[in-house]
Amino acid sequence: MEKNHPISELMSTTMEKIREMVDVNTIVGTPIHTDGGVTLIPVSRLSFGFGTGGGDFTTKNQKPDAENSFGGGSGAGVNIAPVAFLIVKGDSVKLLPVAPPAGNAVDRVVELVPEMFDKVTDFIEKQDKGGKGSAEQ
């Protein structure tokens, strides 16, 4: 029977602990239902890293067939940051980003383009309906 090196056990333990923290519910959260029929689903970004290291060393009075002593350690870090909320109301789904406001005018203009497009489209549709309604009368 081959004996595993202590570093493999150290790495396995670290990875197991990370698996316990990181699952799909961490990234796409539990839906939150409101009385108004709206469902909010939190979405997060997750990043993690880990490192393990160690070394074998001999002691002064070690017998030739004895195993070397081992010293090692491991560490891990996890970062979870909210990114957005999915807002579900009936058949409509919208993405509400959780981001700081735009840093400069160009960024702000880029953020406003979809909203402005929707407003212009609505305005044109209202004008078309208004014009047709008065022509038919």
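All of these numbers come straight from a predicted model, not from anything done at the bench. (Residues numbered from 1 in each chain as written. Predicted model: local features only at pLDDT ≥ 70, side-chain atom pairs only at ≥ 80, totals over all residues. Heavy atoms only, no water.)

### Concerning the overall build of the protein
Let me state the cut-off plainly: Numbering of helices and strands runs from the N terminus, with a helix taken as a DSSP run of H or I at least four residues long and a strand as a DSSP run of E at least two residues long. Note on exposure labels: buried denotes an accessible area under 20% of the residue type's maximum, exposed denotes more than 50%, and partly exposed covers the range between, all computed with a 1.4 Å probe on protein chains only. Here a residue-residue contact requires only that any non-hydrogen atoms of the pair lie within 4.5 Å. Each accessible area is a Shrake-Rupley estimate made with a 1.4 Å probe; only the visible protein chains count as cover when residues are assessed.
Helices and strands together make up the secondary structure of the protein, namely three helices and four strands. Mapped in sequence order, the helices and strands of the protein form the string α-α-β-β-β-β-α. For the protein, the proportion of its 137 residues judged to be buried stands at 7%. Within the protein, counting contacts between residues at least 6 apart in sequence, those at least 24 apart form 53% of the total. In the form shown here, the protein has an accessible surface area of approximately 11,100 Å², with 58% of it arising from carbon and sulfur atoms.

### Observations regarding the confidence of the model for the protein
When pLDDT drops low, the exact placement of atoms in the prediction is not to be read closely. For clarity, the threshold we go by: A residue's pLDDT is simply how confident the predictor is in it, with values from 0 to 100.
Residues at a pLDDT of 70 or more form 88% of the protein, whose mean pLDDT is 78. For the protein, the element scoring lowest by mean pLDDT is helix 3 (residues 105-136), at 73; strand 1 (residues 32-33) scores highest, at 90.

### What to know about the pairing of strand 3 (residues 69-89)
We apply this condition: Any two strands between which DSSP finds at least two bridges are classified as paired.
Pairing of strand 2 (residues 38-57) with strand 3 involves 20 bridges; the strand directions are antiparallel. Directly across from serine 47, in strand 3, lies its bridge partner asparagine 79. Both strand 3 and strand 4 (residues 92-97) contribute to a ladder of six bridges, which runs antiparallel. When the sheet's bridge partners are listed, valine 88 is paired in strand 4 with valine 93. Here strand 3 folds back onto strand 4, and the loop between the two strands holds two residues, one of which, glycine 90, carries a positive phi near 65°.

### Examining a negative patch on the surface
The following threshold applies: A patch is a set of surface residues, each over 30% in relative accessible area and not in a salt bridge, joined within 9 Å for like charges and within 5 Å for the nonpolar side chains Val, Leu, Ile, Met, Phe, Trp and Tyr. By convention in these notes, a salt bridge is any Lys or Arg side-chain nitrogen within 4 Å of a carboxyl oxygen on Asp or Glu. Under the counting rule used here, the positive set is Lys and Arg, the negative set is Asp and Glu, and His together with the chain ends is not counted. Each charge is placed at NZ for Lys, CZ for Arg, CG for Asp and CD for Glu.
Together, Asp118, Asp122, Glu125 and Asp128 give the surface a local cluster of negative charge. Following the sequence through the fold, aspartate 128 ends up in helix 3.

### Quick look at the environment of isoleucine 41
Here isoleucine 41 shows up in strand 2. Take isoleucine 41: its relative accessible area is 17%, and that puts it in the buried class. Along the backbone, isoleucine 41 and isoleucine 87 are 46 residues apart, and their C-alpha atoms lie at a distance of 6.6 Å. Setting aside residues no more than four positions away along its own chain, isoleucine 41 makes contact with Val28, Gly29, Pro31, Ala84, Phe85, Leu86 and Val88.

### Some details on a nonpolar patch on the surface
There is a patch of nonpolar side chains on the surface, built from Met11, Met21, Phe48, Phe50, Val78 and Ile80 and spanning about 520 Å² of accessible area. For the nonpolar patch, the elements supplying multiple residues, two or more each, are helix 1 (6-21), strand 2 and strand 3. Take valine 78: it is sitting in strand 3. On the accessibility criterion, valine 78 (34% relative accessible area) is partly exposed.

### Here's the deal with the sheet that holds strand 2
With antiparallel pairing, four strands are arranged side by side in an open sheet as 1-2-3-4. Each edge of the sheet is formed by a strand with only one pairing partner; in this case those strands are strand 1 and strand 4.

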